[in-house]
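Architecture and fold: a report
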Amino acid sequence: MNFFRGVMGGQPAGPQPTGAETIHKLCDRVASSTLLEDRRDAVRALKSLSKKYRLEVGTQAMDHLVHILQTDRYVCVCGFMIKSFILIPYENAQKQEEDLGVLFTDKFLGDSENVTLLLTLLEEFDFHVRWPGVKLLTALLKNQCNQVQGVILVSPMGVSRLMDLLADSREVIRNDGLLLLQQLTKGNAAIQKIVAFENAFERLLDIITEEGSSDGGIVVEDCLLLLVNLLKNNSSNQNFFKEGSYIQRMKPWFEVGDDNSGWSAQKVTNLHLMLQLVRVMVSPVNSPGATSSCQKSMYQCGLLQQLCTILMATGVPADILTETINTVSEVIRGSQINQDYFASVNAPSNPPRPAIVVLLMSMVNERQPFVLRCAVLYCFQCFLYKNQKGQGEIVATLLPSTIDANSISAGQLLCGGLFSADSLSNWCAAVALAHALQDNLTQKEQLLRVQLATSLGKPPVSLLQQCTNILSQGSKVQTRVGLLMLLCTWISNCPIAVTHFLHNQENVPFLTGQISENLGEDERLVQGLCALLLGICIYYNDNSLENYTKEKLKQLIEKRIGKENFVEKLGFVTKHELYSRAAQKPQPVFPSPEQMLFDHEFTKLVKELEGVITKAVHKTSEEEKKEEEVKKTLEQHDSIVIQYKDLIRDQDTQIQELREQVSTLSLNSEQMQNQITQQQSQIQQHKDQYNILKLKLGKDSQGLSSSHGEGAHVNGLHSEELSQLREEVEELRRQHTLQHTQLSDKDSLINTLVCLGGEVTSLYISLSLFPISQSSAPASSSESSADTVTVSELESRLAAQTTEAERLKEECRGLREGHAGLEQQLASAQSTVAIEQTEKTKLQQEVQESKKEQDDLLMLLADQDQKILNLKQRLRDLGETIDEDEDEIDARDQFGEDDDDDDDEEEDEENND
């Protein structure tokens, strides 16, 4: 124990051992001691020495400490602490210390089982084991992220064990688990997917809600950073996040009150990360389909509306307002429904003004922060991106018929910024106006109508002419670059605008003078853009002005500039450093206002036009004429081929529709046949019921049964069967008439008997009164006996006749009911036969008509194919190259149509059968 007292600060006698000797003895003690207390004390001593002798402890004790982790759980706490001191560089560590941490990390990772061992120990619930393990694994990830990620990725349930840290009830472990997952998910899409499918989104959003959302502390920030890691540039996780309806859970984050003063620094950070998370989901670098789907969800759940509320709120910090503008920009970019909603948003002012107007007022105000002005420009660009409706509304505010003198419009603000003294306002307004014309020929022509009043007493000048006037006055480079980008965008692919530009006699001499001069480095960019503008005038020239045709402009370039010099000046634009930076992403991000020179969409235009302008300048007049003739010929041929292809496509559609109709009719025919079979079955059932009734009545109705039985099978639809059925019906009617006559006779007999019965009854009554009269004048006994016998006979005859009459009535009633049912069945059978015969005739006619139409269409297709082949042969004769793939496709289409025709013929034969 004297040894440990010396290490821990005692005053031993004799010479003091060196640090290396002490560490060596302690390592021996850790390796050889049998008592737990001795090993623990040795580890604690190493822990103390590691702060001063980091290299020595790490070199000598590493293997012993790993062994402790493997075999002795009671000492592993100290082992974790020593590893932490070895692996984590100090806050003020120099480069040497950082390299030392990486060195020890590599040594520890030399055996991948060590990382697996750490993952196993993280399953321990003991705080003193789990928490140091989290810290150690985080340090390993910071020093050698890729290597540790690879081990964890192949380790069974490795990521799942780390995800369990988020469910730990101890906040310290949960919070450090967040930091660990942040390091683990950096730059590894596979791990990001596994973490996401381990229900990470649900857990993280729950933690954010529990911690107070944007008003929460550092834990909310850590959760948001982890969410950004999981979603950024990971389309699978983004889709999973959207499909899981997690976008809807983001809306409450952006609910702000009326009083927005006094935001804490943590709230600003949290809200900034929340906005960044929204932008990750709708970033322009994502696939268009995924971005569009997320934009739609954000509009439907009200998230866009909430962001616009922050946009128009008062008291919001400047950096949050700037990031909100950028976020709204990307939520509406390319989404028509979102752009329409944004156009309807009004600022809470008196009178209310559109949000677009309020934002543009900030953009052209030189007193606003630079980043805010860039954000507003980006918002305006995103509002107009693929939004021809919005472009038309902006240009309309510049036209004379729509200008309202009592209100400020977007067009007025853009014109004011375009001609202000601030060069940054000039550039922003020019780029914004260029986006209102992007890929929209109609608005380019409409903008030519805009007239500006320069001063009192002078006639108005067009906007196009005013731009060239300012350009020729030699303003700042930033202003001239903005105006040149506007002019290039305006007249590109618009021959009418080119004509208007060339109509001013001063424009072409100015451009040639600018390009031909030998100016400084700053002016070379302006010269390149002037060359681009002049090249556009050549390429999109319709030769409507005699003095400035394509050929004369090229001759002018050759004489005053030189073709090689012109192409060299033009190529300088794409070689500029700021051009490359602007071409990377749509958002205008510049370190300083002076470097704000190029727009992203304009870089696309330059890339598209540079090559064609170079070719156009080098072509001779003869080559131009030949190319024009060939181009016209090809256009004519292409138009003819396109017309025939459209005709064939329409006919194919019609044939397909006819086939579908035939298929439908065939299906209807099968259904009708099934109905006939069902009716046959029902008729057979009625026949059986009738036979049973006939047996009960005791009547021999063999003729009726055979007639009815034969009538029940009337479905062959042959003329002989129909005539036989009619004969049977007539026979049944004759029998019915005969039976009706018999019934009438029996009815008369019954009536006679009833009358007779009445007489007998009256006689009986008179006889019953006879004994009363006999009491006063009695008769002889022989006469009384004879009268009694007569009355008895009459009574018996009356009873018999009454019984017979009742029986006959019942029999007649049954016969009437039987005949009525039989007549009803026969009428139903006749109706069914007539309907089915009519339907079959109709189906046969339709099938014949369809077949005839198909034959006509096939004949027309064959004629068209022959014409197309003749046209292709003419093109070959003219020297044009015909793609063999198209011939093969046409041949396959032809064979395919022949096969379809054979199928149709087989189907028709089956239907006829």
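Cut-offs applied
Residues numbered from 1 in each chain as written. Predicted model: local features only at pLDDT ≥ 70, side-chain atom pairs only at ≥ 80, totals over all residues. Heavy atoms only, no water. UniProt positions renumbered as here; feature names shortened; annotations may be inferred. Helix = DSSP H or I, 4+ residues; strand = E, 2+ residues; numbered from the N terminus. Core = buried A, V, L, I, M, F, W, Y, C linked by side-chain atoms within 4.5 Å. Buried < 20%, exposed > 50% of the residue type's maximum accessible area, 1.4 Å probe, protein only. Contact = heavy atoms within 4.5 Å. Patch = residues over 30% accessible without salt bridge, like charges linked within 9 Å, V, L, I, M, F, W, Y side chains within 5 Å. Areas by Shrake-Rupley, 256 points an atom, 1.4 Å probe, with all protein chains shown as cover. Salt bridge = Lys/Arg side-chain N within 4 Å of Asp/Glu carboxyl O. Lys, Arg positive; Asp, Glu negative; His and termini not counted. Charge placed at Lys NZ, Arg CZ, Asp CG, Glu CD. Axes fitted to C-alpha atoms, helices over the stretch in contact; angles between N-to-C directions. Parallel < 35°, antiparallel > 145°, perpendicular 65-115°, else oblique. Nonpolar A, V, L, I, M, F, W, Y, C, P; charged D, E, K, R; others polar. Disulfide = S-S within 2.5 Å. pLDDT = per-residue confidence, 0-100. Phe/Tyr/Trp six-rings, centres within 6.5 Å; stacked < 30°, edge-to-face > 60°. Lys NZ or Arg CZ within 6 Å of the ring centre and 35° of its normal.

By the naming in an unreviewed UniProt entry, the chain goes by General vesicular transport factor p115 and is assigned to Oncorhynchus kisutch. Regarding the chain, the relevant UniProt record gives this comment under Function (unreviewed entry): "General vesicular transport factor required for intercisternal transport in the Golgi stack; it is required for transcytotic fusion and/or subsequent binding of the vesicles to the target membrane. May well act as a vesicular anchor by interacting with the target membrane and holding the vesicular and target membranes in proximity."

**Notes on unusual backbone geometry**
Residue Pro351 is bonded to the preceding Asn350 through a cis peptide linkage, with omega at 0°. As for its position among the elements, Pro351 is in the loop between strand E1 (346-347) and strand E2 (353-354). For Met157, which is not a glycine, the phi torsion comes out positive at approximately 60°. By the element assignment, Met157 lies in the loop between helix H9 (145-154) and helix H10 (158-163).

**Here's the deal with the nonpolar core**
With 180 residues, the main nonpolar core has Leu137, Leu162, Phe254, Phe342, Trp490, Leu532 and Phe598 as its most contacted residues. Sequence-distant contacts of Phe342, defined by excluding residues within four places in its chain, comprise Cys308, Leu311, Val328, Ile332, Ile356, Leu359, Cys379 and Phe383. If you look at the next biggest cluster of nonpolar residues, it comprises 13 residues, including Cys27, Val30, Leu46 and Ala61.

**Overview of a negative patch on the surface**
Taken together, the side chains of Glu849, Glu853, Asp855 and Asp856 make up a negatively charged region of the molecular surface. Along the polypeptide, Asp855 turns up in helix H38 (residues 781-877).

**Thoughts on a nonpolar patch on the surface**
Nonpolar side chains collect at one region of the surface, where Leu153, Val154 and Ile194 lie side by side and expose about 250 Å² of accessible area between them. Judged by its relative accessible area of 68%, Val154 is exposed.

**Remarks on helix H28 (residues 495-503)**
Buried within H28 we find Ala497, Val498, Thr499, Phe501 and Leu502. The inward-facing, buried residues of H28 contact helix H26 (463-472), helix H27 (477-491), helix H29 (507-516), helix H30 (521-539) and helix H31 (550-560).

**Some remarks on the packing of helix H24 (residues 423-437) against H27**
Packing of H24 against H27 brings their axes to within 8 Å, and their N-to-C directions diverge by 10°. When the axes of H24 and H27 are compared, the pair comes out roughly parallel. Touching Ser423, Leu424, Asn426, Trp427, Ala430, Val431, Leu433, Ala434 and Leu437 of H24 are Gln478, Thr479, Val481, Gly482, Leu483, Met485, Leu486, Thr489 and Trp490, all from H27. A breakdown of the residues in the contact of H24 with H27 according to their chemical character gives 12 nonpolar, six polar and no charged.

**Things to note about the state of the cysteines**
A full pass over the atoms with the stated rule returns zero disulfides. Unpaired in terms of disulfides, Cys308 finds its nearest cysteine sulfur in Cys379, a separation of 8.2 Å. The class of Cys308 is buried, set by a relative accessible area of 2%.

**With respect to the confidence of the model for the chain**
Mean pLDDT over the chain: 79, with 75% of residues reaching 70 or higher. Counted against residues more than four places away or in other chains, residues 699-718, with its pLDDT under 50, gives 40 contacts.

**Comments concerning the environment of Ala265**
Among the structural elements, Ala265 can be located in helix H15 (residues 265-281). Between the C-alpha atom of Ala265 and that of Gly217, which follows or precedes it by 48 residues, the distance is 10.0 Å.

**A closer look at the packing of aromatic side chains**
One pass over the full model with this rule turns up 11 aromatic pairs. Taking the centre distance of 5.6 Å and the plane angle of 90° together, the rings of Tyr579 and Phe598 count as edge-to-face. Separated by 19 residues along the polypeptide, Tyr579 in helix H33 (residues 577-582) and Phe598 in the loop between H33 and helix H34 (600-618) bring together distant segments of the chain. Among the aromatic residues, those joined into a cluster by ring pairs are Phe197, Phe201, Phe240, Phe241 and Tyr246. Taking NZ or CZ as reference, Arg170 lies 3.9 Å from the ring centre of Phe125, over its face.

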